[in-house]
Amino acid sequence: MARLALKILLLFLGYWGTTFPASATPFPLKAIHSGDPLGRHLFLYKDDSGTLTAQQIADRRASFQPSQDDYPNWKMTSATAWAFFQIDNPYPEERLIYLENYYAMTDSIHLYSYAEGQAAPIAMMGDHLPFETRPVFYRHPLFPLILKPGINAFLISVQTSGPNRMPFQIWTPKELQYKMAIENFLLGVAFGLIAFMIIYNYFISLSLHSQTYFFYVAYGLGFLLMQIGLQGVAGYVTDSPAVQEWLSNWGFLAGVQACNVFATLFSMRFLDLYHHLPRVHRLFSMLCWLYAAVLLTVILQINYRIAALLANAMTAVSTISMLSLGLYFVARKHRPAYFYTTAWVFLLMGALSFSLSNMGILPVNFLTTYGNLIGGCCEMSLLSFALADRVRHLRETRNQEKEIYIQNLMAKEHETHHSYTQLAKIVYPHQISLMKQGRDLEETMQTGSSTAVVIVFDVIGSTRFTDIHKQEFFQKVFIKCYQRMMRQYDENNSMAEAYRIKELGDGFMCSVGYPFPIPEGLDRSSIAMTLALDFIDIWNQVRAGMNPELPRYCSIGIAEGEVHGFYPVAGVREYDLHGVALVLANRYENLRRVLFNNVEAHILTAQASFVEKLPLPLQQRFQRYALSELKDFQIRNDPDAKVFYSMFLDQKSAESSGASGY
């Protein structure tokens, strides 16, 4: 276990052996080799034409140059790279070792033995060939070499459409088994983590119907496709040689560009660039179209070398741009950006190491080969946490906004309620209901002319009394009289027994039959008479509970005629009534000042046409006065009047005369 732990540590450090002299001397075979680099023991030659045979190359050994690097890198080239190397077996018996090309994405590698000036083929590998043809089923090209005692010479060629690398390593069998076991475990964990993140967030995207989650899932699929090619595991995924070849080449580039496209879309949605940074949003949209165009060239398989160069460049641009965006939002203390930026830091380290390795700036080692996978796994995990944190942050923000909204709504509701409460003091409930429905104020009450009975209520001799409670007494009487008028008020049908026209200091006026229609089945005159008697009854009952020095009697005038409802055309739109019925009711009420000034009783004076419509028992309670019997007496504004009627009620008789028992 200790040895296995040491191997895992060495694997993460990217270190698998000792440093060798920087001279192209024969590679010295030892008992143990744990991925020792072969690079500095190589003689290199570049065949720009790519047409020379192994024997022709062998004949040009004098043109070979010694390698100065542990892992020679020819960068992006269409030339065929050749290398000559020797391995010195100091042991008396044959030894088995393995030669590994540490870069999985190599199109073809040919290995030849070289002896006595002749090159003889040993094996051929590469991602253009089926995995089944490999002598060792492994993701990297792996050549088993049986070394005879002494010097063993070899010639090897590498040809590929992408970066041309020679990261050759030497392994002894036992150490190779350790390495393969560790790698299989780590790759299983990494790919399992990626698959879990994709599936988990896919179901979340379905449940939330979130584009942000969808872009994350699409990015994860692209990343998975890219890693299948980069890590050389196409043979573990499928048995089809054609699919293996596509996954190792065009599939890899398709994954890279899909990552660029969907990572950019994800960032735009996740950070809400449309609202926070509209100009940057437009810039990222253009970059996204550029990435999509490169992806289209990959899908159409136009030219692998050009597509690979563009993919490398686009990866660097997208990673740096998105990291810069994250740092900007972190500086702005935007909470969702913390996880986001940390995630891109991890990916940037892996992606840049991979891109710079492709360009030949960094050497090929564990970190440049696996850094992209490790950084990507960390990045996907952190982005998943970022999504969850963003949802939680949005929920908290929305809860806060909802709470503020509810508070504002309650405040507004309170204001509205207060407004309607105040409005209800000047308009009727049915008017408020109609205005809530969108009707104008002028449409909530009847306007125009009609016939109604008008009642004028006044206090007899109110100016002679100075009791401090007089005004309170009047207010109580008027409130109860108004309540009596509205006793059968129907908000839905705008119907009531009477409409109060106005208060007049120590009296009031009301109308029966307009603008409120009277309840169905009732008679306008009978309702008016009942109301008049009830008003007197209310007066007596309120007065009985207060100071007996208050005014004792009231006077009522009743007349029937035309009234007209209207709203003023300017200023405050307050509904009002005018018409001959109001004038006549005032005239009949004023008769008591002229004819009955000394009468100690409640006086009810009515127009003849009104009284004559009442039931006979009520008519008989009135006293009839003929104007012809009154010398030179006329009722103003009613020239056709010949008679009028009056009723006198003392306090006792008034209490027994209430028609409705208010």
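The structure under discussion appears in the preceding block.
What comes next is a walk through the structure. Sequence order as written defines the numbering, with residues in each chain counted from 1. Given that the model is predicted, a residue must reach a pLDDT of at least 70 before its local features are reported, and side-chain atom pairs must reach 80 or more before they are shown or counted; all residues, however, enter totals for whole chains, interfaces and linings. Water and hydrogen atoms play no part in the side-chain values, which are based on all heavy atoms of the structure.

The next subject is the overall build of the protein. A run of H or I in DSSP counts as a helix once it spans at least four residues, and a run of E counts as a strand once it spans at least two, with each numbered from the N terminus. In terms of regular secondary structure, the protein is built from 19 helices and 21 strands. A 1.4 Å probe rolled over the protein chains alone gives each residue an accessible area, and that area as a share of the maximum for its type sets the label: buried under 20%, exposed over 50%, partly exposed in between. Buried residues in the protein amount to 50% of all 662 residues. Contacts are assigned to residue pairs with any non-hydrogen atoms lying within 4.5 Å of each other. Here the contacts in the protein between residues at least 6 apart in sequence split such that 73% fall between residues at least 24 apart. Residue burial considers only the protein chains on display, and all accessible areas are found by Shrake-Rupley using a 1.4 Å probe. Entry remark: accessible area of the protein is about 31400 Å², with carbon and sulfur atoms responsible for 58%.

This part takes up the pattern of salt bridges. Note on definitions: salt bridges are taken to be side-chain nitrogens of Lys or Arg within 4 Å of carboxyl oxygens of Asp or Glu. Inspection of the entire model under this criterion finds 17 salt bridges. Note that D70 and R40 form a salt bridge whose closest N and O atoms lie 2.9 Å from each other. Taken together, the positions of D70 in the loop between β4 (65-66) and β5 (73-76) and R40 in the loop between β2 (34-37) and β3 (42-47) put the pair 30 residues apart, joining distant regions of the chain. R40 gets classed as buried once you look at its relative accessible area, which sits at 18%. Salt-bridge contacts for R592 lead to E589; the nearest nitrogen and oxygen are separated by 2.9 Å. Taken together, the residues R592 and E589, both in helix α16 (residues 580-595) and three residues apart, mark about one turn of the helix. Among the residues examined, E589 registers a relative accessible area of 2% and is labelled buried.

Time to look at the layout of surface pockets. Of the voids in this model, the largest pocket is the one considered here, and its volume is about 730 Å³. Where the lining of the largest pocket is concerned, the elements lending two or more residues are α13 (429-436), α14 (470-485) and β15 (499-503). For the lining of the largest pocket, the per-class residue count stands at 15 nonpolar, four polar and seven charged. Each cavity reported here is a set of points on a 1 Å grid over the protein atoms alone in which a 1.4 Å probe fits but cannot get out, each pocket an open set with protein on both sides within 12 Å along at least five of seven lines, and each lining residue one with an atom within 4 Å of a point. Grid points are joined across faces, edges and corners, and a volume is the space filled by probe spheres set on the points. Only Asp, Glu, Lys and Arg are considered charged, only Ala, Val, Leu, Ile, Met, Phe, Trp, Tyr, Cys and Pro nonpolar, and every remaining residue, Gly among them, polar.

Let us look at the packing of aromatic side chains. The pairing test for Phe, Tyr and Trp rings, Trp by its six-membered ring, is centres within 6.5 Å, and the orientation test on the planes gives stacked under 30 degrees, edge-to-face over 60, and tilted for anything in between. Summed over all chains, the structure comprises 35 aromatic pairs. Measuring from ring centre to ring centre gives 5.8 Å for F196 and Y200, while their planes differ by 15 degrees; the resulting arrangement is stacked. Here F196 and its partner Y200 are both found in helix α3 (residues 173-208), four residues apart, which amounts to about one turn of the helix. An aromatic cluster of at least three residues, connected via ring pairs, comprises F457, F473, F474, F478, F508, F535 and W539. In this scheme, Lys NZ or Arg CZ marks a charge over a ring once it lies within 6 Å of the ring centre and within 35 degrees of the ring normal. The residue whose ring lies beneath R95 is Y91, and the NZ or CZ to ring-centre distance is 3.8 Å.

The subject of this paragraph is the packing of helix α6 (residues 241-248) against helix α7 (residues 250-270). Lines fitted to C-alpha atoms define the axes here, with helix axes fitted over just the stretch in contact, and angles between the N-to-C directions of these axes take values from 0 to 180 degrees. Packing of α6 against α7 brings their axes to within 3 Å, and their N-to-C directions diverge by 40 degrees. Regarding the angle of α6 to α7, the classification is oblique. Within the contact between the two elements, α6 uses W246, L247 and S248 and α7 uses W250, G251 and F252. When grouped by side-chain class, the residues that make up the contact of α6 with α7 number four nonpolar, two polar and no charged. Working definition: roughly parallel below 35 degrees, roughly antiparallel above 145 degrees, roughly perpendicular at 65 to 115 degrees, and oblique for all remaining angles.

As summarised here, the arrangement of the four strands in space is β2-β13-β7-β10, forming an open sheet in which the pairing is antiparallel. Edge positions in the sheet fall to β2 and β10 (142-147), since each of these pairs with one other strand and no more. Neighbour-to-neighbour, the strand axes of the sheet open up by a mean angle of 30 degrees, direction not taken into account. Strand pairing is assigned whenever DSSP detects at least two bridges linking the two strands. Of the pairings in the sheet, the one linking strand β7 (residues 95-101) to β10 comprises six bridges and is antiparallel in character. Considered in β10, the bridge of Y98 is made with P144.

Before going further, it helps to spend a moment on α13. What α13 keeps buried is the set H430, Q431, I432 and L434. Downstream of α13 by one or two residues, G438 has phi in the positive range, about 105 degrees.

Once that is clear, we can look at unusual backbone geometry. Across the junction of Y514 and P515, the peptide omega takes the value 5 degrees, indicating a cis bond. Take P515: it is sitting in the loop between β16 (507-512) and α15 (524-544). Despite not being glycine, E116 shows a phi value in the positive range, around 55 degrees. Following the sequence through the fold, E116 ends up in the loop between β8 (108-115) and β9 (118-125).

Right, let's get into the pairing of β9. Bridge analysis of β8 against β9 gives seven bridges, and the strand direction is antiparallel. Note that in β9 the partner of H110 across the bridge is M124. A loop of two residues connects β8 with β9, the two strands running antiparallel in sequence, and E116 in this loop sits at a positive phi of about 55 degrees.

Viewed as axis vectors pointing N to C, α7 and helix α9 (residues 278-299) meet at an angle of 165 degrees, and their least axial separation amounts to 9 Å. Taken together, the axes of α7 and α9 lie roughly antiparallel to each other. Viewed along their axes, α7 and α9 form a crossing whose handedness is left-handed. On α9, the residues that touch W250, L253, A254, Q257, A258, N260, V261, T264, L265 and M268 of α7 are H281, F284, S285, C288, Y291, A292, V294, L295, T297 and V298. Classifying every residue of the contact of α7 with α9 gives 14 nonpolar, six polar and no charged. In this scheme, a crossing is called left-handed if the near helix is turned counterclockwise away from the far one by less than a right angle; it is called right-handed if the turn is clockwise.

Another point: the state of the cysteines. Whenever a pair of cysteine sulfur atoms sits within 2.5 Å, that pair is classed as a disulfide. Following the criterion strictly, the structure yields zero disulfides and no others. Between C481, a cysteine without a disulfide, and C554, which holds the nearest cysteine sulfur, the sulfur-to-sulfur distance is 8.3 Å. For C554, a relative accessible area of 0% corresponds to the buried category.

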